[in-house]
Every structure is written in C-alpha cells, then in structure tokens.
Amino acid sequence: MVYICGGYKGKIAERNALMQNVYPRLYLYCKQRGYDFRMVDLRWGVGDPVAEHHDTVELHMENLQRCQETQGPNFVLFVGQKYEVRSLPSTITRESFEALVRVVERDRHQTSKNKPVEDLTASGSQSSITTDSSTGSFSQESIYGNYLNFGEQATNSGLLSQSSHNSFSDIEEARLSPVAARSLGDLDKDLTLLQMWYELDENCLPPIYRLLPISTHHPDMLSIDGQRRRQAMKDWSATCYRLWGVLQRSAVQALGQEEASLLLRTVLDWEVEAGLQPVNEAPPEEHCHCYKRVIPDLHYNLKDQHAHLYADLLKGGAQLDPVLSTAHQSFINCLHEKLRHTNIYERNVGWGWKGLNPKHNRSHLFYTERISSHFQRTVINSLKKVIKATKALGPFNMVWKEAARVQIQEEIQRHVNYGLHLWKGCTLRQSFLADVKRAVEQSATRSILLLGPPGWGKSTTMAAVAQLAPSWLPGAVKVLVHFIGLTGESRNIRLVLESLCVQLAEAYCPQTQLSKGVPQMINEFHSL
C-alpha cells in the first residue's frame, strides 16, 4: 500500500496522472505475481477538506499507519510552492485553552482602559505556524508522544476551506489579521467565539476542550438543500478563519513559541512527521519518496486567476503572503533535513493556460508523463526486492496462507486496541454501568441490543462491557470484540464473519478448517 499526500488543489494534474495511468499498471503487475497493490490518496477529488466532526487528521494518520505496515514503498509526498490548508485543533488541553482565554481577557481588559494592546510582530505570528527549525522536527515528542499512539495523544484538526478568504472583504480581512490592531468589540467577539465553539469534555481523562461539530451552530451543513448547504459552508469558512486568527494571535503569548507552533499544525505536517519515521528499523529512504514541483515563472503570473491554486496570495492583490510563504519555506527546509536529497526529485515546469493543464499544454503533458514513468519504475524496483525476498521464504501457497492469517490477526488486534483506547479515555456513570451489568447477568444466552443516536457513546459502552464482563460473569469468560465500520474490512460482511469465526475457532476448536464462502461461514458460526 502506497500513501500519497500533498496539497488539495495544486496537485490535481499529478494525482490524476497517477490514478488514471500508473495505478492500473501497478495493480495488474502485482496481481499477475500473486500480490495485491493499493494506492491511498485521501485528497484525490476532494475540493473543500471540511469534516463535520473535524476528524480529518485521525483519518489520514490511520490510513498512513496501515500503509506503513506493508512492505515496499509506503509514503510518497508531492510538494509545490503553496503552503498546506491551515487547520484548527479539534482538541485543546484544558490548561492550554484556559491560558488562551486569559490572554484574550487580559487584552480586552487593557483595551477597555484605553491602553494599547501590544500586537504580535510579524516574526511572532510566523513562528506560530512554522515548524521547529531549531530541531528540524515537524513535532515535539515531549508533548504529543509517538505517532503510533495517535488515537490517544494526537490532536485532530478542523480544516479551513480553500475558499475561506472569499468570505471576507478587504477591510474585514485586515481587521481579522493576526497583526492588526484590535478594538474592544473585536476582542469581545474573539472571546465569545472561543467559548462558543470549544466545549469542555469531562468524559476524557484528563478533561479537554473539544471543537464542536460544524452543524452545532450551522445546522444547514447537513441539509439536503444544496444552496443552504453551500451557504452554511461559507458561514463555517468565515467562522473557521476568525477562530484561526484568534488562536494565532494569542497562542505565542499564552503557550510559548514551540507549543503555539504545534497547536496550529497542518494535516501535511502530521503526515510528513509520521511518514518519514523509520519503519522496522529501516531508514526513511527505504520507503519514502518526494516529488518537488517548481514553477520558475510563477512569480510573473501572480495576476492570473488560477495563481491562488499554486501560491499563497494576499487578499485582493497579486502579492505573496509573507507569513505563509515563510511557513512553507520552513516546511521545505525541515523536509530536506529529514529525507536524503537522493529521494527528493525536483521537476521544473513552466506556467501555462489555467496554470498546470496537461490537456491543453504539451509540455505539461510531458511533465506528468515523466512523473508517472519515474513513479512506476521506483515502485516496481522496490516490489521486485520484496518479491525476491518472499520467494526465499517458501512456496507461494504457504506464503499466501501465512500472509492471510497475519492480516486477520492484525485486523483483530486493531479492534482490540480501539476498544482499549475507548475504555481508557472515558468514564461512564456508575448507575448506567450497573444497569448494563444487570442486563448482562440476566441475559443468559439471549442477545442484548444497545440503541442510541450517534455520539451517545454506544461504542464506548460496548468497550467497557468487553473489559468488565469477565469480572461480572462466573467461569472462564471469553470476549470477542469487533467494531463494525472501524476499518474497511469491518464493512464487509464476509470479512466480519471470517474474523468472528477465526476468533471462535481459536477459542474452542483450534484445529477447525474454516471455509471462505458466506453460506458455509454462517453455518460454521452457528456451530462454533
């Protein structure tokens, strides 16, 4: 499995070329040799990266980790001359959020006394969104820990739409700028915005402030009416931009430069930090590759209506945004420190009609063909090494059976780990747990159905029951855990049945030979 990452709109040409031309060839190449091949690109075809529950980072990191568990190249990065979409943290520690609120309240108090509020310098605002250049790292492990424990420790983010700036006039954007002077009314709105969108979640230990779902204050985000949904999206973009400005203005003073930088990290920062980690003691050069696109004449075409897709421009003018440009350059510098130059392939391509358009420009078509050809050669060379090493392990059918067994075991382990994560992260009411315990004790062989609207904690409750059931029931209790929809395999009824049958067979009949057909597995499930 190869994980593809890069910008949302500026890399459309490269993504289309890979998915339409290269992926079918690599898939056929692997199938003919008895292997499976997948390319995971969560940005392909996504215009506005907005998620109702702000779980984009977690989704990306989960898929990246699954790719890193496979052999061969697993991480390919495409970068250009534009910074990644800015994002809001969907969870903030209680101490950090309260420190941010204190800074806003202090500034409000000073302004109410007609005292000037000290604005952040340009360099200060830049530092809050750039990487830590002193350490050459995209993250601070002392704060966020190892990325493999992402579900427990990492911070998700709510993304700003690419069209966020269109929601503001020039005057509004100047007023909302992180370096602009703030009036008492502006600071009142900042404080209200923070308290309205971030809510204390005391179910987590320790308690955290969580970014509310978008539909909480913009219910039309879930409307079936397209026009109302677009208006809600526009309103959320405006809210998101304002929130990001509040956090950027206050974070350095409230948290310090390093933590402020971590608070406003982009999805790409998370991906690159995790993707460039050593895997199975192998250096990143063994499994990571980067394609760096440079448009030399981009600066002469900033007035073009498509220039904003390839560069960070100031609102209402053909000028580069100095803050985002500096942040992007810091990102590139850290990338070169993390990955050897032999794995960074720089390609130049000239500006054309509609920017980069292979359909109407031969040089652009040649550029995408070169990228596709090089990508295909790189992946095939790595796959040949994997196939050669696999052949040395034994006959193909034995290797295939062992790989299938390992895959099922890994799938089961994901569900177990997810249940442990839910159980450790929340505390249920004792009265409710007592009701559940009574129902389990009285059920005997009957099924128990737990119903409730989304977000009411059904999965968390089932995770708690799985942990507590051995202490509730007499005898040697064996617990099978499976969360439908957690992984791609758990959305397939045949694979769900297969996983349950494997667990039952290992618990009661280790020598049982299981079938592959759905009707046969249904019978085996009942017999086991």
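The rules we used
Residues numbered from 1 in each chain as written. Predicted model: local features only at pLDDT ≥ 70, side-chain atom pairs only at ≥ 80, totals over all residues. Heavy atoms only, no water. Pairing = 2+ DSSP bridges. Helix = DSSP H or I, 4+ residues; strand = E, 2+ residues; numbered from the N terminus. Axes fitted to C-alpha atoms, helices over the stretch in contact; angles between N-to-C directions. Contact = heavy atoms within 4.5 Å. Buried < 20%, exposed > 50% of the residue type's maximum accessible area, 1.4 Å probe, protein only. Right-handed = clockwise from strand over helix to strand, strands pointing away. Expected span 1.5 Å × (residues − 1). Arc of directions from axis to C-beta. Parallel < 35°, antiparallel > 145°, perpendicular 65-115°, else oblique. Left-handed = near helix turned anticlockwise from the far one by under 90°. pLDDT = per-residue confidence, 0-100.

### Digging into the sheet that holds strand β8 (residues 208-211)
In step 1: Spatial ordering of the open sheet is given by β5-β8-β7, a layout of 3 strands whose pairing is antiparallel. Sheet topology places β5 (91-93) and β7 (198-201) at the edges, where each strand pairs with a single neighbour. On average, each strand axis in the sheet is inclined to that of its neighbour by 30°, with strand direction left out of account.
In step 2: Helix-sheet contacts for helix α3 (residues 94-112) involve β5, β7 and β8, and the interaxial angle to β5 is about 85°.

### Digging into the pairing of strand β1 (residues 2-6)
In step 1: Burial analysis of β1 places 5 of its 5 residues in the buried class, the great majority of the element.
In step 2: Side chains Val2, Ile4 and Gly6 of β1 all project onto a buried face; the interleaved residues Tyr3 and Cys5 project onto the opposite face, where all are buried too.
In step 3: Relative to strand β2 (residues 39-40), β1 runs parallel, the two sharing 2 bridges. What sits directly across from Tyr3, in β2, is Val40.
In step 4: Handedness of the crossover joining β1 and β2 through helix α1 (residues 12-31) is recorded here as right-handed.

### Here's the deal with the pairing of strand β10 (residues 344-348)
In step 1: Judged from the 5 bridges that link them, strand β9 (residues 288-294) and β10 form a sheet pairing that is parallel. Looking at β10, one finds that Val294 is bridged to Asn348.

### Remarks on helix α15 (residues 430-443)
In step 1: Over its 14 residues, α15 runs 20 Å from end to end, which matches the ideal 20 Å to within 8%, given 1.5 Å per residue.
In step 2: For α15, every residue scored as buried is listed here: Leu433, Val436, Val440 and Ser443. Angularly, the buried residues of α15 cover 90° about the axis, an arc narrow enough to put them on a single face. Away from its buried face by more than 90 degrees, α15 exposes Gln430, Ser431 and Gln442.

### Section: the packing of helix α8 (residues 184-197) against helix α9 (residues 226-255)
Between two packed helices, both the angle of their axes relative to each other and the distance between the axes serve to describe the pair.
In step 1: Contact geometry of α8 with α9 gives a least axis separation of 10 Å together with a crossing angle of 110°. Considered as vectors, α8 and α9 are oriented roughly perpendicular to each other. The hand of the α8/α9 crossing is left-handed. Note on element contacts: α9 touches α8 through Trp236, Thr239, Arg242, Leu243, Val246, Leu247 and Arg249, opposite Asp190, Leu193, Leu194 and Trp197.

### Examining the confidence of the model for the protein chain
Low-confidence regions, as indicated by low pLDDT, have predicted coordinates that should not be scrutinised in detail.
In step 1: Per-residue confidence for the protein chain gives a mean pLDDT of 80, with 84% of residues at or over 70.
In step 2: Throughout residues 117-156 the model reports pLDDT below 50, and contacts reaching past four residues in sequence, or to other chains, amount to 111 contacts.
In step 3: Across residues 161-179 the pLDDT falls below 50, and counting only partners more than four positions away or on other chains, this stretch makes 50 contacts in the model.

### Some points on the sheet that holds β9
In step 1: An order of β2-β1-β3-β9-β10 is seen for the 5 strands of this open sheet, with the pairing classed as parallel. Each edge of the open sheet is held by one strand with a lone partner, namely β2 and β10.

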